[in-house]
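Each chain is listed here by its residues.
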Amino acid sequence: MVTACVLPVTEANTIQGHWATTPAKVSLHVGDFDPSEVNAIQAGGASWNTFFQASKSFNMFDMGPPGGGNISSNAQSTPTCGSGTLADGTVLYKRFSNWTHNAAAIAVTTTCFTPNNNGGLATIFNAIMEFNYVNFYVASAGRFPDMQSIAVHELGHLLGLDHTCGPLGRPNQAKPFTACPDVNADPNNPVIATVMFPQVFFDPSGAGEVKQILTADDQGRANCAYTPGN
Ligand SMILES: [Zn+2]
């Protein structure tokens, strides 16, 4: 396990911010997620919590009671940037219609930041996480992402990480300097194995790849977001 802040020069600008207080509460919009999805999302949160407990002695996320999660009736189309952190924290939503982001995005986490005028990291104080049930997951779409893999990736965004490489970084936010490796030309490039790699592959049946384990790159960058002084 990596316990130091490790930020490769090619991944400069990929730490977007951090939460001022941890654990950051994560809630599920009421009625959206079935029990297997709840378990998968909680397992994604547990990956980060296990890592942060070992590296920094705190839980990154409050994922709520096992098997149920924290439940929220908040109805947000965008994160609540005009107030302090909501009691329900970050709410996860399924979108079955009105997908307002890139159709190629399986899920999108959108955060509210307070800039740090002293050059340090911005402070994240609210967010929402949206899952694209228009273009994925449903039979008509024919592509079925692995929920735990998607959750661990999106929770990486939620804690403050951008992608390991571009150009699929999210709009209006920092992007890595480096283009993503060509997976055909360079299949052993370690960036491809990171949970924060911005592309998900599907097999011919439409099943999404399973990538649930934090790599050294994910760990090293996550440490940077929560290193005192950053
Ligand atoms: Zn992403």
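A brief report on the enclosed structure follows. (Residues numbered from 1 in each chain as written. Predicted model: local features only at pLDDT ≥ 70, side-chain atom pairs only at ≥ 80, totals over all residues. Heavy atoms only, no water.)

**Examining the environment of aspartate 34**
For aspartate 34, the location among the structural elements is in the loop between β2 (24-29) and α1 (35-56). Taking the C-alpha atoms as reference points, aspartate 34 and asparagine 59, 25 residues apart in sequence, are found 25 Å from one another. (Helix = DSSP H or I, 4+ residues; strand = E, 2+ residues; numbered from the N terminus.)

**Structural notes on unusual backbone geometry**
The residue after threonine 22, namely proline 23, is reached through a cis peptide bond having omega 0°. Here proline 23 is to be found in the loop between β1 (17-19) and β2. Positive phi, close to 65°, is recorded for serine 57, a residue that is not glycine. Tracing the backbone through its elements, the reader meets serine 57 in the loop between α1 and β3 (61-62). Positive phi is not limited to glycine here, since tyrosine 137 has a value of about 75°.

**A look at the state of the cysteines**
Under the definition given, this model contains 3 disulfides. Between the sulfur of cysteine 5 and that of cysteine 224 lies a disulfide, 2.0 Å long from S to S. Where cysteine 5 bonds to cysteine 224 through sulfur, the torsion about that S-S bond is close to 95°, and the disulfide is right-handed. Within this pair, whereas cysteine 5 is found in the segment before β1, its partner cysteine 224 is found in helix α3 (residues 216-225), the two being separated by 219 residues in sequence. For cysteine 5, a relative accessible area of 37% translates into the label partly exposed. Residue classification places cysteine 224 among the buried positions, given a relative accessible area of 3%. Sequence-ordered numbering of the bonded cysteines in the chain gives a disulfide pattern of 1-6, 2-3, 4-5. (Disulfide = S-S within 2.5 Å. Buried < 20%, exposed > 50% of the residue type's maximum accessible area, 1.4 Å probe, protein only.)

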